[in-house]
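Here is how the chains run, residue by residue.
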Protein chains: 2
Amino acid sequence: MLDLESVRLFALVAEYGNLTRAAEAAGTVQPVVSQRIKSLEATLGRRLLDRSPRLVRLTEAGTAFLDHARNLLAAHEAAIAAVDIVPSHITIGISDHALGTHLDLVLKRLRMALPPHATMAVNLGQSADIRDRFESGQIDLAIIRREHGTEGGEVLGSDALQWRVPSGWSWSDGPLPLVLLPSPCSVRAVAIRVLDQAGIPWRETFTGGSCLALAAAVRAGLGVAPLGDSIGGDLAMVPASAGLPTLPASQIVMLARTPNPATSAAARALAASVHDLLA
Amino acid sequence: MLDLESVRLFALVAEYGNLTRAAEAAGTVQPVVSQRIKSLEATLGRRLLDRSPRLVRLTEAGTAFLDHARNLLAAHEAAIAAVDIVPSHITIGISDHALGTHLDLVLKRLRMALPPHATMAVNLGQSADIRDRFESGQIDLAIIRREHGTEGGEVLGSDALQWRVPSGWSWSDGPLPLVLLPSPCSVRAVAIRVLDQAGIPWRETFTGGSCLALAAAVRAGLGVAPLGDSIGGDLAMVPASAGLPTLPASQIVMLARTPNPATSAAARALAASVHDLLA
DNA sequence: CTTGGTTACGGCCGCCGTAATAATA
DNA sequence: TATTATTACGGCGGCCGTAACCAAG
């Protein structure tokens with residue numbers, strides 16, 4: 001007889017492609033996942049995963065098993081829901097500068113970590129605003145970007161800011177054309193600060209409402225944008241010859257209030273996903 | 001997170017209406033079932049069964065949960081079958097005189113205890129023939145009726161033979177009209193023996209191929225039939241005033257050869273079902 | 001050399017199964 | 001009074017989580 005916890009861990013490993021992240025998402029540690037997968041394989045008499053320190057992928061049997069494993073877990077959820085209806089709602093705030101283009105993957109994994117009947121509301125905005133909403137209790141979970149050294153929250157990783165430019169861009173003279181989010185925005189503020197300290201003149205050529213908009217502006221040649229390393233996508237780095245000052249790294253931090261199991265499951269999944277993106 | 005073993009035990013209790021039989025069918029003991037059900041109820045936060053020493057029945061929540069529990073167990077079977085195809089075939093011999101009209105229920109529970117991909121073949125016949133087939137290895141499991149004192153097999157219970165008569169039957173004189181299975185048949189033999197020992201003349205008025213046929217003949221008024229207590233159905237007992245000798249009780253015995261887990265699961269289910277019928 | 005999977009191991013929870021107890025018809 | 005569920009309890013297996021180890025890029 002299989003035990004569902006092992007099956008759940010297997011499904012998480014398949015999702016994250018990584019035992020360590022799966023362990024985080026499940027709220028345990030990596031050796032436990034290793035053991036459980038191993039024992040699951042033993043009871044099934046088949047190897048489910050090819051594992052090496054740098055690559056974990058499904059075997060043929062693992063692929064075949066995965067669909068059934070998900071059905072099994074869904075049936076488990078349904079059975080519990082049949083007698084134990086715990087309606088839950090989670091509000092989540094995400095700073096655009098923290099996740100950028102990875103928003104879709106993170107939301108998918110978040111949805112997966114919640115019981116199917118749970119509802120969630122996501123609030124995309126700027127870090128300062130998100131933090132205020134978290135502190136006033138309007139949201140339960142938040143992912144924000146902030147400068148090193150600030151207190152509070154769980155640090156999921158460090159992400160350097162980079163000047164991103166159109167491909168083939170060069171900057172001859174005149175004030176540096178900047179592509180920014182509107183104030184208040186900590187990335188905007190830090191970018192302006194380092195430029196001023198270096199005595200580099202600048203002008204704002206584009207102000208947009210999300211990192212996707214900033215990236216579009218950069219691609220259109222409107223100027224350079226300070227963007228997180230992990231969310232720059234296909235945009236080019238500024239060449240060192242341009243002489244721009246380096247931007248400081250900042251931290252991606254999770255703020256979490258976990259009043260119930262559903263929320264802490266969501267928090268773990270969020271942490272594992274973001275941690276994965278920054279690795 | 002639920003554990004599937006507890007869910008399976010719950011489903012078995014629902015099927016058998018009895019913790020003790022469920023334990024037998026599952027291959028464990030009754031206190032374990034009690035504990036697991038209790039812990040299942042605790043994790044679900046609902047009472048699933050109303051239990052008293054004489055009656056176990058589903059609560060409302062239990063009814064709602066049962067369907068989902070069965071789906072869950074089916075998904076579990078499917079998941080295992082996806083990677084671990086163990087084709088198995090079981091041949092079963094059942095003496096008609098042992099189960100009679102309860103054949104359908106027993107077969108249903110047998111089917112339920114087997115993995116869905118397992119095939120089974122049932123051989124209905126007379127005890128002596130069944131035993132020969134078992135001993136020659138042609139069948140894996142057998143339920144037979146036999147006289148007390150014989151060796152071998154697992155005794156599932158004792159069942160008295162009774163003279164069954166049409167309703168309102170009376171026997172004035174002349175040889176006793178008998179309704180019997182053809183020879184060789186141990187019930188036939190023992191019936192004839194006790195009549196001869198009591199010096200009661202008899203004649204055979206009907207010879208049929210199954211207990212259902214014998215019951216039909218009795219109902220049609222053709223005579224009296226020696227039938228197991230538990231399978232007489234709605235037929236009347238012979239009145240004491242008729243002066244017929246009492247028939248000895250005989251034992252219902254299971255012969256089992258369990259070369260694989262599927263067969264032993266079937267054996268347990270068979271034992272639990274028959275044990276239940278004789279209680 | 002760092003990230004990440006495996007192995008070793010100690011502690012402890014929890015389950016099994018026997019035995020005694022209670023409850024019901 | 002017999003049958004059956006519950007409670008008590010000892011023993012043991014197995015799981016968790018820390019730490020040390022190893023492999024691969």
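The structure this text deals with has already been given above.
For the structure given in this document, a descriptive report is provided here. Just so it is clear, the structure is predicted and the values come from calculations on it, not from any experiment. (Residues numbered from 1 in each chain as written. Chains lettered and ligands numbered in written order. Predicted model: local features only at pLDDT ≥ 70, side-chain atom pairs only at ≥ 80, totals over all residues. Heavy atoms only, no water.)

Of the regular secondary structure elements, chain A holds 10 helices and 11 strands. With respect to the principal axes defined by its C-alpha atoms, chain A has extents near 70 × 40 × 30 Å. Counting only residues that meet the buried cut, chain A has 47% of its 279 residues in that class. Just so you have it, chain A exposes about 12,400 Å², and 53% of that area is on carbon and sulfur atoms. Averaging the coordinates of the 24 positive side-chain charges in chain A and doing the same for the 26 negative ones gives two points 4 Å apart. (Helix = DSSP H or I, 4+ residues; strand = E, 2+ residues; numbered from the N terminus. Buried < 20%, exposed > 50% of the residue type's maximum accessible area, 1.4 Å probe, protein only. Areas by Shrake-Rupley, 256 points an atom, 1.4 Å probe, with all protein chains shown as cover. Lys, Arg positive; Asp, Glu negative; His and termini not counted. Charge placed at Lys NZ, Arg CZ, Asp CG, Glu CD.)

Reports often express the size of an interface as the amount of accessible area lost when the parts come together. Residue-level contacts link 22 residues of chain A with 22 residues of chain B. Counting each side, the surface lost to burial between chain A and chain B is near 2,000 Å², with a carbon and sulfur contribution of 77%. Where chain A touches chain B, the interface holds zero salt bridges. For the interface between chain A and chain B, the tally reads four residue pairs in polar contact (both at pLDDT 80 or more). Top contributing element to the side of chain A that touches chain B by residue count: helix α4 (residues 60-83) of chain A, with 14 residues. Here the residues of the side of chain A that touches chain B are counted per class, giving 15 nonpolar, three polar and four charged. (Contact = heavy atoms within 4.5 Å. Buried area = accessible area lost by both parts, 1.4 Å probe. Salt bridge = Lys/Arg side-chain N within 4 Å of Asp/Glu carboxyl O. Polar contact = N/O pair within 3.5 Å; in protein donor to acceptor, adjacent residues only side chain to side chain. Nonpolar A, V, L, I, M, F, W, Y, C, P; charged D, E, K, R; others polar.)

Surveying the vicinity of DNA strand C reveals 22 residues, the closest of which are Thr 20, Gln 30, Ser 34 and Arg 51 of chain A together with Arg 36 of chain B. Protein-adjacent atoms of DNA strand C, using a 4 Å cutoff, are sugar or phosphate at a proportion of 67%. Broken down by secondary-structure element, the contributors of at least two residues to the surface near DNA strand C are α2 (19-26), α3 (30-44) and β1 (49-52) of chain A together with α3 (30-44) of chain B. Among the elements that make up the surface near DNA strand C, the one with the highest residue count is α3 of chain A (five residues). In the surface near DNA strand C, the residues fall into eight nonpolar, eight polar and six charged. (Near = heavy atom within 4 Å.)

Here the focus is helix α1 (residues 4-16) of chain A. Residues and elements named next belong to chain A. In this model, α1 (13 residues) spans 18 Å end to end at C-alpha, consistent with the 18 Å of a helix rising 1.5 Å per residue. Most of α1 is tucked away, with 10 of its 13 residues classed as buried. Of all the residues in α1, the buried ones are Leu 4, Ser 6, Val 7, Leu 9, Phe 10, Ala 11, Leu 12, Val 13, Glu 15 and Tyr 16. Positive backbone phi, approximately 65 degrees, marks Gly 17, located one or two places after α1. (Expected span 1.5 Å × (residues − 1).)

To continue, consider the protein's contact with DNA strand D. Residues in close proximity to DNA strand D total 22 residues, the closest being Arg 36 of chain A together with Thr 20, Gln 30, Ser 34 and Arg 51 of chain B. Thr 28 of chain A is positioned with one of its side-chain polar atoms (N or O) 2.8 Å from a phosphate oxygen of DNA strand D. Here a phosphate oxygen of DNA strand D sits 2.5 Å away from a polar atom, N or O, in the side chain of Arg 36 of chain A. Per element, the largest residue contribution to the surface near DNA strand D is five residues, and it comes from α3 of chain B.

Quick look at the relation of the copies chain A and chain B now. Once turned by 180 degrees and shifted 0.1 Å along the axis, chain A lies on chain B with an RMSD of 0.1 Å. In short, the pair behaves as if placed about a two-fold rotation axis. When you check the interface residues of chain A against chain B, 100% turn up at the interface there too, and the contact is symmetric in its surfaces. (Least-squares fit on C-alpha atoms with pLDDT ≥ 70 in both.)

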